[in-house]
Amino acid sequence: MRITLVAIVALMAYAVNAQANPSTINSKIDQLLSAMTLEEKAGQLNQYSGYEIVTGDIDQSKMDYRKTMVAKGLVGSVLNVLGTEDTLKAQRHAIEETRLGIPLLFAFDVIHGYRTIFPIPLAESASWDLEAIERSARIAAIEASAAGQNWTFAPMIDISRDPRWGRVMEGAGEDSYLGAQIAKARVRGFQGDDLSRSDTVAATAKHFVGYGEVVAGREYNNVDISRRKLWETHLPPFKAALDQGVSTFMNAFNEFEGVPSSANNYLIGDILRGQWGFDGVLVSDWDSFGAMATSGVTADDPGAAQMALEAGSDVDMESDVFVQYLPKLVREGRVDKALLDAAVRRVLRMKFELGLFDDPYKYIDAEREKRLILAPEHRQAARDMARKSIVLLKNDGKLLPISKEIKNLAVIGPLANDQYHMNGFWRGKGQAQDVVTLLDGIKAKVSEQTKVRFTEGSDLEQRNHKKLRKAVKLAKKSDLVILAVGEDADKTGESASRTNIKLYPAQQELIQAIYKTGTPVVMVLMNGRPLAIEWSAANLPAIVKGWFLGSETGNALADVLFGDYNPSGKLTMTVPRNVGQVPIFYNHKRVSRPFDATDRWNSKYIDQSNKPLYPFGFGLSYTEFAYSPVKLSTNNIDFDNTLTASVTVTNTGKRFGEEVVQLYIQDLVGSVVRPVKELKGFRKISLNAGESREISFEIGAKDLAFYTRDMSFKAEPGDFKLFIGSSSDDVQSADFKLTAN
Ligand code: NOJ
């Protein structure tokens, strides 16, 4: 059927402001639905990728076919079509050439920045600074939306406890409570409080759900966890994102209880759409509908389309099965038309909410794109976020901060003058050329008299004897070495699982050779996952966890190394001693035979400590904080009242500093085995030298609730221990009781 201009005009006249009340939007959607063919409906659920960042097989020769599909109104959304020029072209196809002129959605993985690149999300989480994290997402949204995007596939809120899995870099670490707070902050940042504004984008809570549990940390592997673990550990951040009003969810690649997440009735039907009442868009992951036949839960693609739609998934990213088969399946009576309509309704509603029916071009503004991309204030915020993300792991003899007047400084390492890797994985539209390297940051920081000399020392992975010799020579004639080592950013992130989480041997050799020179060494670790750096932790005097910090890497690191910023980051993922301890996380459950060094028959390794190298919540500062004993307002509460737990934190050092005061609770007896401790609150505070502050937390029955033996979520009366301190392993404790009313 050829375009009828009359129809378009009539429909566009129905456009309503996104703030309009839902019933007005619904009646407009009804009118649209009644005008749509089955093919056009399936088309709204169809999502294709452009050309930029693809995370699966894509046949480039099919690009023309895809454009034709857009022009026929058989595509509802696209991903990886970026920038005002390209989004404008695509949107014009949709508006001007299709029968109904329904605008496209433009999606992209804006994970830690669009062009101004912020630290990888795992690094940002180490700031424990919710405002800064929100700002980071806000700026990412401002830049992305100025470049035509209106939908980000972020935040990734999978709880992850296995550093072999490359995607740990995308999340907020191992803890569900902290993960939930950070999920909210990111959703707030991306969406603001009005989705129809042209500088906000729809966020996506992904991947629903359990993906962080891929067996043995191997990417795209199966997941085999209990419902209890699902509810206790993996669902809380998703519920938090939902409560924050996240616009969309994304299916995970993994199965749960044998059924792919994309077609899992329990996950989608019972939990997401049922108990949680989510009526927004649920998008598949890349080809996750198409992959169902590969895993053998259905014989063919029509079967996959049917299963996915019937379970409650809406948008088909890249597998083509909805647009190919749904119309036929409905015509043959195999799929209920009402289900198709419901999914299309959700997609159209999202378009209304984003204001696209008011103005399909509202996000496409070349002037804004030019002005806002890499704006100085965005870079400033990226520097601030990067400084806050850095974790000081070791600082023997107060080697850090380094004096800016130092005479001979060697900067060594394959990552010391690197721009490319610093943007990390999922670098959006980030460009290597925008990155301030560590070397440049240092040069800009030190005094004019300081001689800064750089050499690589090794390749990232390959041994290079010549480079090594040069580095040793340089170290010998220097007062101090800053040694930047770590990972290849493309060996972190999606599809980058490792069985070995040590530094590459070439780099380990470099570290040991430099150490042997006797010149003091500050190791700056640049990575996307916890690395087992046992030798360095035992031997080097100073270690700074510098992650992949994005555009402002060098400036932020120099701020920390030379003391213009006092490090305040705290680990959000436990660092193991070796891969054999994995998965290792602080809030593990109690065991029936706890560790006892004097006895053989208990829960331990015979060749390694149970303890991690660095615990969750750990991170040093250039000053020291002393904690008073914990005071409780009462040590007996019932279900109707609360107690206040307080400590006085004193900055006993000589300089201003920030501290993350952490609250943990342990339920001593429960109807099911309970964790040794669980994070229940935190406060990031700043104190001048000598200053003290009392920090209080209020605790009531709701903070003590858990999934009891019958899976009801409630607190059980009994004895509790409460801990407050500076890491999960460095706490003061107090006891209290919860009594039945
Ligand atoms: C696959 C990833 O799992 C997902 O997180 C991402 O959003 C899509 N690819 C699109 O790039």
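As shown above, the structure is provided for reference.
Colleague: Could you clarify how one ought to interpret the pairing of strand S3 (residues 105–108) in this entry?
Modeller: Regular strands show a simple pattern: their side chains alternate between the two faces of the sheet. Burial along S3 is two-sided: the face carrying Leu105 and Ala107 and the face carrying Phe106 and Phe108 are both buried. As defined by bridge partners, strand S2 (residues 77–79) adjoins S3 across 3 bridges and the pair is classed as parallel. Looking at the pairing, Ser77 lines up with Leu105 of S3. Handedness of the crossover joining S2 and S3 through helix H5 (residues 83–97): right-handed.

Colleague: Explain helix H16 (residues 376–389) here, please?
Modeller: Since one α-helical turn is 3.6 residues long, residues separated by three or four positions face the same way. With 14 residues, H16 extends 20 Å between its outermost C-alpha atoms, agreeing within 8% with the 20 Å of an ideal straight helix rising 1.5 Å per residue. Along H16, 10 of the 14 residues are buried, which leaves the element largely enclosed by surrounding structure. For H16, the set of buried residues is His378, Arg379, Ala381, Ala382, Asp384, Met385, Ala386, Arg387, Lys388 and Ser389.

Colleague: Can you help me understand the packing of helix H17 (residues 438–445) against helix H21 (residues 553–561) in this one?
Modeller: Helix-helix packing: each pair is described by the crossing angle between the helix axes and the interaxial distance. Contact geometry of H17 with H21 gives a least axis separation of 7 Å together with a crossing angle of 50 degrees. In terms of axis orientation, H17 runs oblique to H21. The interaxial crossing formed by H17 with H21 has right-handed handedness. Contacts between H17 and H21 involve Leu438, Gly441, Ile442 and Lys445 from the former and Gly554, Asn555, Leu557, Ala558, Asp559 and Leu561 from the latter.

Colleague: Whenever I open this one, the packing of H16 against H21 confuses me. Can you help?
Modeller: Contact pair H16 / H21: the axes reach a minimum separation of 8 Å and the direction vectors enclose 50 degrees. On the basis of the axis angle, H16 is oblique to H21. At the point where H16 passes H21, the crossing takes the right-handed sense. On the side of H16, the interface is formed by Arg383, Ala386 and Arg387, while H21 contributes Asn555, Ala556, Asp559 and Val560. Looking at side-chain class alone, the contact of H16 with H21 contains 3 nonpolar, 1 polar and 3 charged residues.

So, how was this worked out
Residues numbered from 1 in each chain as written. Predicted model: local features only at pLDDT ≥ 70, side-chain atom pairs only at ≥ 80, totals over all residues. Heavy atoms only, no water. Buried < 20%, exposed > 50% of the residue type's maximum accessible area, 1.4 Å probe, protein only. Helix = DSSP H or I, 4+ residues; strand = E, 2+ residues; numbered from the N terminus. Pairing = 2+ DSSP bridges. Right-handed = clockwise from strand over helix to strand, strands pointing away. Expected span 1.5 Å × (residues − 1). Axes fitted to C-alpha atoms, helices over the stretch in contact; angles between N-to-C directions. Parallel < 35°, antiparallel > 145°, perpendicular 65-115°, else oblique. Left-handed = near helix turned anticlockwise from the far one by under 90°. Contact = heavy atoms within 4.5 Å. Nonpolar A, V, L, I, M, F, W, Y, C, P; charged D, E, K, R; others polar.

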